[in-house]
Amino acid sequence: MSRAKSKTRSRIEQALRLLQHRPIVLIGMMGAGKSSVGRRLATKLGWNFVDSDTEIETAAGMSISDFFAEHGEEEFRSGEARVIARLLRDEKTVLATGGGAFMSEATRDLIRQEGFSVWINADIDLLFARVSRRPTRPLLQTPNPKETLKQLMDARYPTYALADLTVTSKDVPHDVVADAIIDGLIEHLEPLQTEEAAANDK
Ligand code: S3P
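Presented here is an overview of the structure given in this document. (Residues numbered from 1 in each chain as written. Predicted model: local features only at pLDDT ≥ 70, side-chain atom pairs only at ≥ 80, totals over all residues. Heavy atoms only, no water.)

Remarks on the nonpolar core
The test is simple: Nonpolar cores are built from buried Ala, Val, Leu, Ile, Met, Phe, Trp, Tyr and Cys residues. Side-chain atoms within 4.5 Å join them into one set. Whether a residue is buried, partly exposed or exposed follows from its accessible area with a 1.4 Å probe, protein chains only, as a fraction of its type maximum: under 20%, in between, or over 50%, in that order. Where helices and strands are cited, they refer to DSSP runs of H or I of at least four residues and of E of at least two residues respectively, numbered from the N terminus.
The biggest cluster of nonpolar side chains holds 57 residues, and the ones touching the most others in it are Ile24, Ile181 and Leu185. Counting residues per element, this core draws most heavily on helix H9 (residues 174-201), which supplies 7 residues.

Side note on the pattern of salt bridges
Two side chains with opposite charge may pair up if their charged atoms get near one another. The following threshold applies: Salt bridges are defined as contacts in which a side-chain nitrogen from Lys or Arg sits within 4 Å of a carboxyl oxygen from Asp or Glu.
A complete count under the given rule lists 10 salt bridges for this structure. Among the ionic pairs, Asp183 bridges to Arg11, the shortest N-O distance being 3.1 Å. Of this pair, Asp183 sits in helix H9 while Arg11 sits in helix H1 (residues 3-19), and the two are 172 residues apart along the sequence. Since its relative accessible area comes to 28%, Arg11 is described here as partly exposed. Of the charged contacts in the structure, one is a salt bridge between Lys44 and Asp179, with a shortest N-O distance of 3.0 Å. Note that Lys44 is positioned in helix H2 (residues 34-45) and Asp179 in helix H9, a separation of 135 residues in sequence.

Some remarks on the environment of Gly72
Examined against the element boundaries, Gly72 turns out to sit in the loop between helix H4 (64-71) and helix H5 (73-87). For Gly72, a relative accessible area of 22% translates into the label partly exposed. Residues Gly72 and Gly99, 27 residues apart in the sequence, show an inter-C-alpha distance of 16 Å.

Okay, structure coming up:
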């Protein structure tokens, strides 16, 4: 194995040790790349990947936009909270959540208890370029979707900032963001574990 490959392997092993099987929960706006990054991250860790929107679509037998049209946002939010609570019971999983999920206090509390949260942050131009490629998102069916996206960002960013880790995504391959998450979580969790070990030794 090359030196670079063996260094990557040992970073991954370190991350796995620190996580202790707790799920990684990706949060952030529509278009941040939660699902694409999440899939790559899960592959690197040898974990499962799951997407809460896909789970809702499978359970409901319809797309998210049809769900909003038929049942409304309130019902979507309560289904979303239930689905995430269930998915958080799975170990060794990377969970990508819909952009509004972390705004629920109950969901945030559960994520804090059961998992490790990562906010994938990105600027408005990158987000808008990405969401424009799949213009079906129900919350953006407005006369000025870019302005709507901006308003949602302003309202949500202070809450997203409560995540355990923030990674800023530029227009780079999803693989690079997945690696930044592995590095960031080691940096975040390692000192906590050292502190815990020191307290246990007292
Ligand atoms: C939403 C984001 C969507 C989906 C729904 C609502 C939101 O998921 O859950 O359309 O409130 O931001 P993505 O963030 O995966 O696009």
